[in-house]
Amino acid sequence: MAIVAGVDFGTLSVRVSIVDSVRGRIGSAVEEYPLHRKREDPDYATQAHADHMRALAAACRKAVADAGIEGSAVAAIALDTTGSSVVPVDARMQPLNEYYLWCDHRAKDEAQQITTLAHQDHVEAIDWCGGVYSHEWGFAKLLHWLRHNPDKRSQFASAFEHCDMVAATLCGITDPAQVKRSVCAMGHKWMWNPKWDGLPPQSFLSKLDPLLDGVRAKLAGDYQTSDHLAGHLSPHWAAELGLRPGIPVPVGAFDAHWDAIGAGCREGDVVNVVGTSTCIIAMAKKTELVPGVCGVVPGSVHPQYTGIEAGLSATGDIFEAIARRAGHKVSELARGLEAFRAGQTGLLRMSWDNGDRTVLVNPELGGVTLGWNLVHTAQDELFAAIEGTAFHTRIILERMAEHGVPVDRVINGGGIPQNNPVLNQVYANVLGKPVLVPSALPTSLGSAIFAFTAAGAFPSIEDAQSALCPSFKTIQPDPRAQRVYERLYPIYRRLYFGLGARSAAPVAIGDVLPDLRKIARDALSA
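These remarks concern the structure in this document.

Criteria and cut-off values
- Residues numbered from 1 in each chain as written.
- Predicted model: local features only at pLDDT ≥ 70, side-chain atom pairs only at ≥ 80, totals over all residues.
- Heavy atoms only, no water.
- Core = buried A, V, L, I, M, F, W, Y, C linked by side-chain atoms within 4.5 Å.
- Buried < 20%, exposed > 50% of the residue type's maximum accessible area, 1.4 Å probe, protein only.
- Contact = heavy atoms within 4.5 Å.
- Helix = DSSP H or I, 4+ residues; strand = E, 2+ residues; numbered from the N terminus.
- Pairing = 2+ DSSP bridges.
- Phe/Tyr/Trp six-rings, centres within 6.5 Å; stacked < 30°, edge-to-face > 60°.
- Lys NZ or Arg CZ within 6 Å of the ring centre and 35° of its normal.
- Salt bridge = Lys/Arg side-chain N within 4 Å of Asp/Glu carboxyl O.
- 1 Å grid on protein atoms, 1.4 Å probe; cavity = no way out; pocket = protein on both sides within 12 Å on 5 of 7 lines; lining within 4 Å.
- Points joined across faces, edges and corners; volume = space filled by probe spheres on them.
- Nonpolar A, V, L, I, M, F, W, Y, C, P; charged D, E, K, R; others polar.
- Polar contact = N/O pair within 3.5 Å; in protein donor to acceptor, adjacent residues only side chain to side chain.
- Axes fitted to C-alpha atoms, helices over the stretch in contact; angles between N-to-C directions.

## Notes on the nonpolar core
Right, so step 1: Tyr133, Phe139, Trp190, Phe319, Met400 and Tyr485 are the most contacted members of the largest nonpolar core, which totals 103 residues.
Right, so step 2: The residues touching Tyr485, leaving out its near neighbours within four places in the chain, are Ala342, Gly343, Phe383, Glu387, Phe391, Val426, Asn429, Val430 and Pro490.
Right, so step 3: Residues Ile3, Ala63, Ala76 and Ile77 belong to the second largest nonpolar core, which totals 81 residues.

Rendered as structure tokens:
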């Protein structure tokens, strides 16, 4: 028997779970931290490293108390975080600014410049991240910071993803060159891959902007999968967290990737980690390039498989925005949605409120709702938004399957599916296949699984999953709703590529609104 701590840093809070190898989760706690935004700049989103560490310490102590154990009983601690959330540091690992959070979208120009030059210079890395570099990713954010902080450039020693920065802090590492870097984080967001000797060549980075001269050396280090250790818990942070010094801290990863592990993901599974945004995670022994998909990275989810990541830039955020504009909470607005029929609203909603992450990778898009009339309500729009995110997910899964990624089972992980049966049913109906929903929240369980393997409590990730992952509730498609969505989906798909792709040929859409009205009439009269 062993006990470990699994840590999950989300957008607004950190969750610490204390997990027993036999009994499962025996205690947990959540601690919030502020998200800094600017009304005058909606693309701005930052957080402070000090706030994260204070919250982690508080949550860990509360979780240990909730479990009713001594902190010295915890044999390992592992953590996942949001990403790409980037912090520049000086030579002593001190932050020079706050994290550019994953949802900070200021680096749009930089991302477009990276994409253009990478194709112009035939940099192979751009093909392996879907052909378009995102403003949500590391190099774009770092370049934006360098361009806008001339007074701090001389102090700049390196930049780190959130998961690597927290792990290094816990281990007491003060030299950037000694930090272990996550293959998951660097592969999906920084164009790292052993296929081309790691990062893109310095010549490309310098040509992009002379401010990046020497940056490849500053980002050098030991790049590892999460079956390796970042180090061991330092005496200082052991005291802060109420744990025993010297316990192993494995190399971290992104929250969605480890949520997929915690949800029981195996080869052939696709996990929709549905939360503020949606991350779609799969893994496979053999893969090929997948156009428009965020990343195909060896070892990023499971050390022995290639990880594939895609997703929606906003999901829960869209639901929250609709409810906020109506003066309600989502839970209030959602009451009664279970009585809605497929297509009954006559609305078709594109889920681009925060741009498109996959497969168009276009940050300049905005939400579109077609079919409004004078009696439509905010509740109608909420249901249409759920349908729209399901249609968008289908586009992504079809793209993955077309390029050799097995899609045998669909698992709806993340926080929203635990509390939204309507969403799960709509997804099953739109995708036309059963959707599996974990019977308990898998958040932070993936971290615990990697902590257990670091502590030697299980011989493999699969053994830990078999012992710890929750069972599934299976949501079967409703045949009648499925037939309606087979009428709606081609319309959505035509609009998705016709309105959203920069190079799209003109698309005739004069039939769309009449067709939406007819589908709605048929749905209400059925």
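There is more to say, and it comes next.
## Re the pairing of strand E6 (residues 74–81)
Right, so step 1: By the criterion of burial, E6 is predominantly enclosed, with 7 of the 8 residues buried.
Right, so step 2: Where strand E1 (residues 3–9) and E6 come together, 5 bridges link them in parallel fashion. Considered in E6, the bridge of Ile3 is made with Val74.
Right, so step 3: With 2 bridges connecting them, E6 and strand E14 (residues 253–254) associate as parallel partners. For Asp80, the partnering residue across the bridge sits in E14 and is Ala253.

## Describing the packing of aromatic side chains
Right, so step 1: Tallying each qualifying case throughout the model produces 14 aromatic pairs.
Right, so step 2: With a centroid separation of 5.8 Å and 45° between ring planes, the pair formed by Trp145 and Phe156 is classed as tilted. Linking Trp145 in helix H4 (residues 138–148) with Phe156 in the loop between H4 and strand E9 (158–161), this pair joins segments that are 11 residues apart in sequence. The same class applies to Trp145 and to Phe156, which are both buried.
Right, so step 3: Ring centres 5.6 Å apart and planes at 80° place the aromatic pair Phe391 and Tyr485 in the edge-to-face group. Here Phe391, found in helix H13 (residues 378–402), pairs with Tyr485, found in helix H18 (residues 479–500); they are 94 residues apart in sequence, far enough to count as distant. Of the two residues, Phe391 and Tyr485, both sit in the buried class.
Right, so step 4: By way of ring pairs, the aromatic residues Trp352, Phe391, Tyr485, Tyr489, Tyr492, Tyr496 and Phe497 are connected into one cluster.
Right, so step 5: In this structure, Lys285 packs its charged tip against the face of Tyr305, placed 4.5 Å from the ring centre.

## Quick word on unusual backbone geometry
Right, so step 1: Note the cis peptide between Gly83 and Ser84, where omega equals 5°.
Right, so step 2: Following the sequence through the fold, Ser84 ends up in the loop between E6 and strand E7 (86–89).
Right, so step 3: The omega torsion of the bond from Thr358 to Val359 falls at 10°, within 30 degrees of zero and hence cis.
Right, so step 4: Position of Val359 among the secondary structure elements: in the loop between strand E19 (348–350) and strand E20 (368–370).

## Looking at the pairing of strand E16 (residues 278–284)
Right, so step 1: By the criterion of burial, E16 is predominantly enclosed, with 7 of the 7 residues buried.
Right, so step 2: Sheet analysis places strand E15 (residues 269–274) next to E16, joined by 5 bridges and oriented antiparallel. The partner of Val271 across the bridge, within E16, is Ile281.
Right, so step 3: Counting the residues in the hairpin turn of E15 and E16 gives 3 residues.
Right, so step 4: Where E16 meets strand E18 (residues 306–312), 7 bridges bridge the pair, whose relative direction is antiparallel. Opposite Thr278, over in E18, you have Leu312 as the bridge partner.

## A short note on the pattern of salt bridges
Right, so step 1: Under the definition given, this model contains 21 salt bridges.
Right, so step 2: The salt bridge partner of Glu31 is Lys62, with a shortest N-O separation of 2.8 Å. Of this pair, Glu31 sits in strand E3 (residues 24–32) while Lys62 sits in helix H1 (residues 49–67), and the two are 31 residues apart along the sequence.
Right, so step 3: Of the charged contacts, one joins Arg147 and Glu110 as a salt bridge, the two residues approaching to 3.2 Å between their closest N and O atoms. With Arg147 in helix H4 and Glu110 in helix H2 (residues 108–120), this residue pair connects regions lying 37 residues apart in the sequence.
Right, so step 4: Residue Glu110 is classed as buried on the basis of its relative accessible area of 3%.
Right, so step 5: Each of Arg394, Glu398, Glu486 and Arg493 takes part in one network of salt bridges that share partners.

## Observations regarding empty space enclosed by the protein
Any empty space left between the atoms is revealed when a probe the size of a water molecule rolls over them.
Right, so step 1: Going through the model one piece at a time under the given rule, you end up with 2 cavities of 30 Å³ or more.
Right, so step 2: Roughly 40 Å³ of internal volume is contained in the largest cavity.
Right, so step 3: Taken together, Ala125, Trp128, Cys129, Gly187, Met191, Trp192, Asn193, Trp196, Val296 and Val297 form the lining of the largest cavity.
Right, so step 4: Broken down by secondary-structure element, the contributors of at least two residues to the lining of the largest cavity are helix H3 (125–128) and strand E17 (295–298).
Right, so step 5: Looking at side-chain class alone, the lining of the largest cavity contains 8 nonpolar, 2 polar and no charged residues.

## Focus: the side chain of Asp269
Right, so step 1: Within the secondary structure layout, Asp269 lies in strand E15.
Right, so step 2: Asp269 gets classed as buried once you look at its relative accessible area, which sits at 3%.
Right, so step 3: Of the polar contacts made by the side chain of Asp269, one reaches the backbone nitrogen of Arg266; its length is 2.9 Å.
Right, so step 4: In terms of polar contacts, Asp269 uses its side chain to reach the side chain of Arg409, at 2.8 Å.

## A few points about the sheet that holds strand E22 (residues 435–438)
Right, so step 1: An order of E17-E18-E16-E15-E21-E22-E23 is seen for the 7 strands of this open sheet, with the pairing classed as mixed. Strand pairing shows two members of the sheet lacking a second neighbour, E17 and strand E23 (472–475), which therefore form its edges. For this sheet, the mean angle separating the axes of adjacent strands, direction not counted, is 25°.
Right, so step 2: The sheet contacts of H13 involve E15, E16, E18 and strand E21 (409–413), and relative to E18 the element is tilted by about 150°.
Right, so step 3: Docked against the sheet, helix H15 (residues 421–431) engages E15, E21, E22 and E23, running at close to 155° with respect to E22.

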